[in-house]
Amino acid sequence: QVSVHQQVNPYKLVETELANLYVEIKQEVITSKHELREIAEYYFDGKGKGFRPMLVMLASKALNFHKTEEEKLLNSQRRVAMIAEMIHTASLIHDDVIDESYIRRGKSSVNNIWKERKAILAGNYLLSVASMALSRIGNKDVVKVLSQTLEDLVRGEFMQLGSKEDENERFKHYFTKTFKKTASLMANSCKALVDDILDFTSCDNVMGKPTAADLSLGLATAPVLFASQEFPELHSMIMRRFRQEGDVERARELVAKSDGVSHTRLMAEQHCKEAVRLLQTLKSSESRRAMECIAYLVLNRQN
Ligand code: FPP
Ligand code: MG
Ligand code: MG
């Protein structure tokens, strides 16, 4: 457990680097096509949480300290943080097309303003810019690791389009999907589990994006999977991806009646504890402490 006097604000530790990151990203997306540039820059307005680059920076600093007793970020590490944010943004632009979602980060989504075709192209454009930046780092291992996250993102998203017939395989499917879709890019599976709770317990305004959305998208996330152990009538709804009239409402009711949300929380807590345990293998530094705090922050996040 992280005690109160050890609490650090993780964003504070990388504040300057994070602010500079968005300036650098905008320099990268320079293109002669004015509109393409406008779309590609749209989410780099400093309003996003910058959670992934923040994690990359803290992990880099903690590792630097572990090796050299100095935390200062290397240029290549800043580039990796920037590429992670670009890949993430590209995937969100495509995600909102797939999910037909019209709000992101409290503003109109790209597909809402510029429509699907341009949204797809702008996402692809951001990926191409990220690939150029990646090649310039000139490290084969880094190229391999980040290319793997691209594959995982696509595979995770693809897995989500299917349902598992076998009830016992559903949790495994859910975990692999969640790892690929979310944790692979930020190595923090806990955040995704909490996101699936918030879809049931939060509201659009707080989240800056639509909530109560997963069921309508046909998705059986952890709260539903746990609830189905108490209310077996959910199994057939899961298999037909909540498509029948009244399914979404009935499933929400059953999840609310069940211990699905609290079970999911417990599972997220176990993941956090494991993450903190693994962090303890690094030499103690301010950045390591910040990452320990993040594990608990994501559990209690409201948006
Ligand atoms: C958000 O999930 C979506 C992702 C984390 C990944 C989306 C990946 C793709 C669309 C594959 C294409 C990948 C690239 C690199 C272009 P969500 O819909 O559950 O969350 P939300 O509530 O934020 O929309
Ligand atoms: Mg979505
Ligand atoms: Mg989605």
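Residues numbered from 1 in each chain as written. Chains lettered and ligands numbered in written order. Predicted model: local features only at pLDDT ≥ 70, side-chain atom pairs only at ≥ 80, totals over all residues.

- An unreviewed UniProt entry lists the protein chain under the name Decaprenyl-diphosphate synthase subunit 1, from Potamilus streckersoni.
- Listed under Cofactor (unreviewed entry) in UniProt, the entry text for the protein chain is "Mg(2+)".
- Taken directly from UniProt, the Sequence similarities (unreviewed entry) text for the protein chain runs: "Belongs to the FPP/GGPP synthase family." (UniProt positions renumbered as here; feature names shortened; annotations may be inferred.)

1. Side note on the overall build of the protein chain
Argument step 1. Tallying secondary structure elements over the protein chain gives 15 helices and two strands in all.
Argument step 2. On C-alpha atoms alone, the protein chain measures out to a radius of gyration of 20 Å, which is about the 19 Å that the 2.2 N^0.38 rule sets for 303 residues.
Argument step 3. Projected onto its principal axes, the C-alpha positions of the protein chain cover 55 × 50 × 35 Å.
Argument step 4. Here the protein chain holds 303 residues, and 36% of them are scored as buried.
Argument step 5. Sequence separation of 24 or more characterises 70% of the internal contacts of the protein chain that already satisfy a separation of 6 or more. (Helix = DSSP H or I, 4+ residues; strand = E, 2+ residues; numbered from the N terminus. Rg over C-alpha atoms; globule rule 2.2 N^0.38 Å. Buried ≥ 20, exposed ≤ 12 C-beta atoms within 10 Å, placed from the backbone. Contact = placed C-beta atoms within 7 Å.)

2. Side note on helix 11 (residues 222–230)
Three or four residues apart is the spacing at which side chains of an α-helix point the same way, because the helix has 3.6 residues per turn.
Argument step 1. Along helix 11, seven of the nine residues are buried, which leaves the element largely enclosed by surrounding structure.
Argument step 2. Buried within helix 11 we find Ala222, Pro223, Val224, Leu225, Phe226, Ala227 and Ser228.

3. Examining the site of ligand 1
Argument step 1. Among the 17 residues in the neighbourhood of ligand 1, the closest are listed as Ser91, His94, Asp95, Leu153 and Glu157.
Argument step 2. Put simply, the parts of the chain that give the shell around ligand 1 at least two residues each are helix 5 (75–98), helix 6 (110–137), helix 7 (140–159) and helix 8 (170–186).
Argument step 3. Looking at which element gives the most residues to the shell around ligand 1, the answer is helix 5, with six residues.
Argument step 4. Looking at side-chain class alone, the shell around ligand 1 contains seven nonpolar, five polar and five charged residues. (Near = placed C-beta within 6 Å. Nonpolar A, V, L, I, M, F, W, Y, C, P; charged D, E, K, R; others polar.)

4. Some words on helix 2 (residues 15–28)
Argument step 1. The terminal C-alpha atoms of helix 2, which comprises 14 residues, lie 20 Å apart, in line with the 20 Å expected from a rise of 1.5 Å per residue.
Argument step 2. Burial in helix 2 covers these residues: Leu21, Tyr22 and Ile25. Along helix 2, the residues classed as buried sweep out an arc of 90 degrees about the axis, all on the same side. Exposed residues lying more than 90 degrees from the buried face of helix 2 are Thr16, Ala19, Val23 and Gln27. (Expected span 1.5 Å × (residues − 1). Arc of directions from axis to C-beta.)

5. Let's talk about the packing of helix 11 against helix 14 (residues 260–279)
Argument step 1. The geometry of helix 11 relative to helix 14 is characterised by a closest axis approach of 8 Å and an angle of 120 degrees between their N-to-C directions. Taken together, the axes of helix 11 and helix 14 lie oblique to each other. Note on packing geometry: the crossing formed by helix 11 with helix 14 is right-handed. Two secondary-structure elements touch here, helix 11 through Ala222, Pro223, Val224, Phe226 and Ala227 and helix 14 through Gly260, Val261, His263, Thr264 and Met267.
Argument step 2. Partitioning the contact of helix 11 with helix 14 into residue classes produces seven nonpolar, three polar and no charged. (Axes fitted to C-alpha atoms, helices over the stretch in contact; angles between N-to-C directions. Parallel < 35°, antiparallel > 145°, perpendicular 65-115°, else oblique. Left-handed = near helix turned anticlockwise from the far one by under 90°.)

6. Thoughts on unusual backbone geometry
Argument step 1. Located in the positive-phi region is Arg105, a residue other than glycine, with phi close to 50 degrees.
Argument step 2. Position of Arg105 among the secondary structure elements: in the loop between strand 1 (103–104) and strand 2 (107–108).
Argument step 3. We note that Lys115 has phi near 75 degrees; this positive angle belongs to a residue other than glycine.

7. Details of the nonpolar core
In summary, soluble globular proteins display a tendency toward joint burial of nonpolar side chains.
Argument step 1. Of all hydrophobic cores here, the largest spans 63 residues; its most connected members are Leu58, Ile83, Met86, Ala122, Leu126 and Val224.
Argument step 2. It is helix 5 that provides the largest number of residues to this core, a total of ten residues.
Argument step 3. Leave out the neighbours within four places in its chain, and Ile83 touches Ala130, Ala133, Leu134 and Leu146. (Core = buried A, V, L, I, M, F, W, Y, C linked by C-beta atoms within 7 Å.)

8. Remarks on the packing of helix 3 (residues 34–41) against helix 6
Argument step 1. For the pair helix 3 and helix 6, the least separation of the axes is 9 Å and the interaxial angle reads 90 degrees. The angle between helix 3 and helix 6 falls in the class roughly perpendicular. Here Leu36, Ile39 and Ala40 of helix 3 come into contact with helix 6, specifically with Val110, Trp114, Lys118, Ala122, Tyr125 and Leu126.
Argument step 2. Considering only residue class, the contact of helix 3 with helix 6 consists of eight nonpolar, no polar and one charged.

9. Overview of the confidence of the model for the protein chain
Argument step 1. Averaged over all residues, the pLDDT of the protein chain equals 87, while 95% of them reach at least 70.
Argument step 2. In the model of the protein chain, helix 9 (residues 189–201) stands out as the element of lowest mean pLDDT, 62, in contrast to strand 2, which has the highest, 96.
Argument step 3. Every residue in residues 1–5 is under pLDDT 50, and counting partners more than four places away or in other chains gives four contacts.
Argument step 4. Confidence drops under a pLDDT of 50 for residues 188–192, and excluding neighbours within four residues, the segment shows 20 contacts in the predicted structure. (pLDDT = per-residue confidence, 0-100.)

10. Remarks on the environment of Lys180
Argument step 1. Its location among the elements puts Lys180 in helix 8.
Argument step 2. With 22 C-beta atoms packed within 10 Å, Lys180 lands in the buried category.
Argument step 3. Separated by 29 residues in the primary sequence, Lys180 and Glu151 place their C-alpha atoms 8.4 Å from one another.

11. Quick look at the environment of Asn111
Argument step 1. Among the secondary structure elements, Asn111 is positioned in helix 6.
Argument step 2. As for Asn111 and Asp152, which are separated by 41 residues in sequence, their C-alpha atoms are 23 Å apart.

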